[in-house]
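Listed here are the chains, written in short residue letters.
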Amino acid sequence: MRKRSAATASLAVAVLFASAFLAGAEPSAASPSPSASVRHDYEDALRKSLLYFEAQRSGRLPHGQRVAWRHHSGLTDGLEQGVDLVGGYYDAGDHVKFGLPMAFTVTMLSWSLLEYGADVAAAGELAHALEAIKWGTDYFIKAHTSPDELWAEVGDGDTDHYCWQRPEDMTTSRQAYKVDRDRPGSDVAGETAAAMAAASMVFREHNPHYAHLLLHHAQQLFEFADKYRGKYDSSIAEVKSYYASVSGYHDELLWAALWLHRATGRGEYLDYVVDNADEFGGTGWAITEFSWDVKYAGVQILAARLLLAGEHAPRHRATLERYRAKAEHYVCACLGRNAAGGADANVERSPGGMLYVRQWNNMQYVTSAAFLLSAYSGYLAGAGDAAVTCAGGGAASAGEVFALARSQVEYVLGSNPRGMSYLVGYGARYPARVHHRAASIVPYKDSKEFIGCAQGFDDWFGRRSANPNVVVGAIVGGPDRRDRFRDHRENYMQTEACTYNTAPMVGMFAMLNRLARHESMAMSTTAAAETQENTSGSRSPATDQSVNR
């Protein structure tokens, strides 16, 4: 992950301080895409999305590793601090292990399986999905070395970005950084608690003992995050230029409490979400993005789910209604239906129909929005509630919400003005020069000759040719607000991929695979019925002759 500019940070702050009543003009209709009629192979997309997480693994790789151009790396992580921090994921095209985005990745992978796990299993990919989650949670168990201590980063972004090396050749700092009672990090501890709570539900049926262990860690981490409050980037200065917690930690505390309530059914966690709704901004912020940093839209949709499903006590209802109103502000913002106030209440659309939040790695907002919209449309349908209420009196049906979610997935897969898939390895045309150190250098298994820090820049980074390794399943940062995309390795804002871009799509691809199969069967049945009707209704030449006599 490259440095976030000050402008990027200020944009994120501006999003947080948007008024609950901001709204704007509905964007013009998207131009028709030349690829709009393409039928996508969602099962292939699902398989490839899960391969990506194997490409991002740090540590000693297992015998079943399918991405053969990767090898063991980071085998001494934590050694200087006397703790085993081997494992986990590299977040993007570099080799720092950042705890906050890694935890968010695991939360979204787990949520994908909780919503669409049966579809993942039907496609034969459940084992790989569980492996992807467990690779992250195994690391979190190691990193949570005591109830009030969590190792939140391994490696240093500044030194890492001075080098262009394979992870197998790393010579950069592997300094590890932690949060504890004296140096709190409620945001990273809260997100890690959410990830482990969500994952515990995923493993409950497949590995009950492991599920119990994850839940135990999640509860301890939440207690630590709540009791010793503070932003982790105030305790770990090295993270501030890369994954600063612009939104603060209140959203992560609410987020973690909701996941713990879902995992345990214990009312105290829902009490926490309701009692802190105002103070923590849960029912105050009207948000137009959902990301590793800003969780409010996810919090509001999870709270609205409890309301729609009737999973609450009577005293919670009024506050949950307010959470729902803010959840629907987000949904309507994506639809462009908020009609009271100003332009900032709605998410911009590119001419090709892509949701556009900001220049840097915009695809993270596209994929997370697609997932939230799909999940919320399902919650509405399950409750028999057909409509979303938008600011200014507008409305939208659950079907419209889902249609937008599906359109964003289709855009990612190539139904866009460029006809390019932004899921690497999928389709006939996809980015070939992904900003990714390991993918851009000859595989370790083919050449074990050491490649130095500057040598990688000199010999590999500047090459105009395609990467020697295809980082299959990565979703890159994607095009700009005009659907323009430049496939150059140095164009990291558009060609770098991140784990949290792909994570929400695992469930989406699986669900759409099922839906596409049902649609295909329905079309075949309709076509067969029409053929039979036409055949039975037509006359043979002999019949026509007899009639004409």
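Overview of the structure.

Analysis parameters
- Residues numbered from 1 in each chain as written.
- Predicted model: local features only at pLDDT ≥ 70, side-chain atom pairs only at ≥ 80, totals over all residues.
- Heavy atoms only, no water.
- Helix = DSSP H or I, 4+ residues; strand = E, 2+ residues; numbered from the N terminus.
- Buried < 20%, exposed > 50% of the residue type's maximum accessible area, 1.4 Å probe, protein only.
- Pairing = 2+ DSSP bridges.
- Axes fitted to C-alpha atoms, helices over the stretch in contact; angles between N-to-C directions.
- Parallel < 35°, antiparallel > 145°, perpendicular 65-115°, else oblique.
- Left-handed = near helix turned anticlockwise from the far one by under 90°.
- Contact = heavy atoms within 4.5 Å.
- Expected span 1.5 Å × (residues − 1).
- Disulfide = S-S within 2.5 Å.
- Phe/Tyr/Trp six-rings, centres within 6.5 Å; stacked < 30°, edge-to-face > 60°.
- Lys NZ or Arg CZ within 6 Å of the ring centre and 35° of its normal.
- Nonpolar A, V, L, I, M, F, W, Y, C, P; charged D, E, K, R; others polar.
- Salt bridge = Lys/Arg side-chain N within 4 Å of Asp/Glu carboxyl O.
- Polar contact = N/O pair within 3.5 Å; in protein donor to acceptor, adjacent residues only side chain to side chain.

Some thoughts on the overall build of the protein
Across its full length, the protein holds 20 helices and seven strands. Counting every position in the protein, which comprises 549 residues, the buried fraction comes to 59%.

Concerning the sheet that holds strand S2 (residues 149-154)
Pairing in this open sheet of three strands is antiparallel, and the strands run S1-S2-S3 from one edge to the other. Looking along the sheet, the strands with just one partner apiece sit at the ends: strand S1 (97-98) and strand S3 (176-180). Note that S1 and S2 share two bridges and pair antiparallel. Its bridge partner lying in S2, Phe98 is registered against Glu153.

Quick look at the packing of helix H7 (residues 208-227) against helix H10 (residues 250-264)
When two helices pack together, their arrangement is given by the angle between their axes and by how far apart the axes lie. In the contact formed by H7 and H10, the axes pass within 11 Å of each other and the chain directions differ by 150°. One way to sum up the angle between H7 and H10 is to call them roughly antiparallel. As for how H7 packs across H10, the hand of that crossing is left-handed. When H7 is examined against H10, the residues Leu215, Ala218, Gln219, Phe222, Ala225 and Asp226 are found in contact with a partner set consisting of Leu253, Ala256, Ala257, Leu260, Ala263 and Thr264.

Here we look at helix H15 (residues 398-412)
End to end, H15 covers 22 Å across 15 residues, agreeing with the expected 21 Å (1.5 Å per residue, within 8%). Within two residues after H15, Gly414 carries a phi angle of roughly 125°, on the positive side.

A closer look at the state of the cysteines
Within the structure shown, the criterion is met by two disulfides. Covalently, Cys163 is tied to Cys453 through a disulfide, its sulfur atoms 1.8 Å apart. Residues Cys163 and Cys453 are joined by a disulfide whose S-S torsion is about -100°; by sign, that bridge is left-handed. Within this pair, whereas Cys163 is found in the loop between helix H5 (157-161) and S3, its partner Cys453 is found in helix H17 (residues 453-461), the two being separated by 290 residues in sequence. Residue class for Cys453 comes out partly exposed when judged on its relative accessible area of 24%. Across the disulfide from Cys332 sits Cys390; the S-S distance is 2.0 Å.

Considerations on the packing of aromatic side chains
Applying the stated criterion across every chain yields a total of 25 aromatic pairs. With centroids separated by 5.4 Å and ring planes inclined at 70°, the aromatic side chains of Phe457 and Phe461 adopt a geometry described as edge-to-face. Highlighted residues: Phe457 and Phe461, both in helix H17, separated by four residues, approximately one helical turn. On the basis of relative accessibility, which here comes to 29%, the residue Phe457 falls in the partly exposed class. Residue class for Phe461 comes out buried when judged on its relative accessible area of 18%. Over the ring of Trp460 we find Arg463; its NZ or CZ atom is 3.9 Å from the centre of that ring.

Re unusual backbone geometry
You will see that Asn361, though not glycine, has its phi angle at about 50°, which is positive. By the element assignment, Asn361 lies in the loop between strand S5 (355-356) and helix H14 (363-383). A positive phi angle is found at Asp483, which is not glycine, with a value near 70°. Looking at where Asp483 falls in the secondary structure, it is placed in the loop between H17 and helix H18 (492-495).

Side note on the packing of H14 against H15
Where H14 contacts H15, the axes come no closer than 8 Å and their chain directions differ by 150°. As summarised for this structure, H14 and H15 are arranged roughly antiparallel, according to the angle between their axes. Handedness of the H14/H15 crossing: left-handed. When H14 is examined against H15, the residues Met363, Val366, Thr367, Ala370, Leu373, Ser374, Ser377 and Leu380 are found in contact with a partner set consisting of Ala398, Val401, Phe402, Leu404, Ala405, Gln408, Val409, Tyr411 and Val412. By residue class, the composition of the contact of H14 with H15 is 13 nonpolar, four polar and no charged.

Observations concerning helix H13 (residues 317-335)
Turn by turn, an α-helix covers 3.6 residues, leaving residues three or four places apart pointing in a common direction. Compared with an ideal rise of 1.5 Å per residue, which puts 19 residues at 27 Å, H13 spans 26 Å between its outermost C-alpha atoms and is within 8% of the ideal. Of the residues one or two after H13, Gly336 is the one with positive phi, at around 75°.

Observations concerning the pattern of salt bridges
Opposite charge on two side chains permits them to pair, given that their charged atoms come into close proximity. Evaluated as defined, the whole model comprises 39 salt bridges. Residue Arg305 is joined to Glu311 by a salt bridge in which the shortest nitrogen-to-oxygen separation is 3.7 Å.

A short note on the side chain of His161
One can find His161 in helix H5. Residue His161 is classed as buried on the basis of its relative accessible area of 12%. A polar atom in the side chain of His161 sits 2.7 Å from the side chain of Asp94.

Notes on the environment of Arg39
With respect to the helices and strands, Arg39 occurs in the loop between helix H1 (6-16) and helix H2 (42-55). Contacts of Arg39, omitting those with residues within four sequence positions, involve Ser520 and Met523.

Remarks on the side chain of Gln494
Counting through the fold element by element, Gln494 comes out in helix H18. Judged by relative accessible area, Gln494 falls into the buried class, the value being 10%. Within polar-contact distance, the side chain of Gln494 engages the backbone oxygen of Arg484 at 3.1 Å. Not counting chain neighbours up to four residues away, the residues in contact with Gln494 comprise Val476, Gly477, Gly478, Pro479, Asp480, Arg484, Phe485 and Arg486.

Concerning the environment of Ser407
Topologically, Ser407 is positioned in helix H15. Relative accessible area serves as the criterion here: at 29%, Ser407 is assigned to the partly exposed category. It is 8.3 Å that separates the C-alpha atoms of Ser407 and Met354, two residues lying 53 residues apart in sequence.

A look at the pairing of S3
Counting buried residues along S3, four of its five residues qualify, which places the element largely inside the surrounding structure. As defined by bridge partners, S2 adjoins S3 across five bridges and the pair is classed as antiparallel. Each bridged residue has a counterpart across the sheet, and for Leu150 the counterpart in S3 is Val179.

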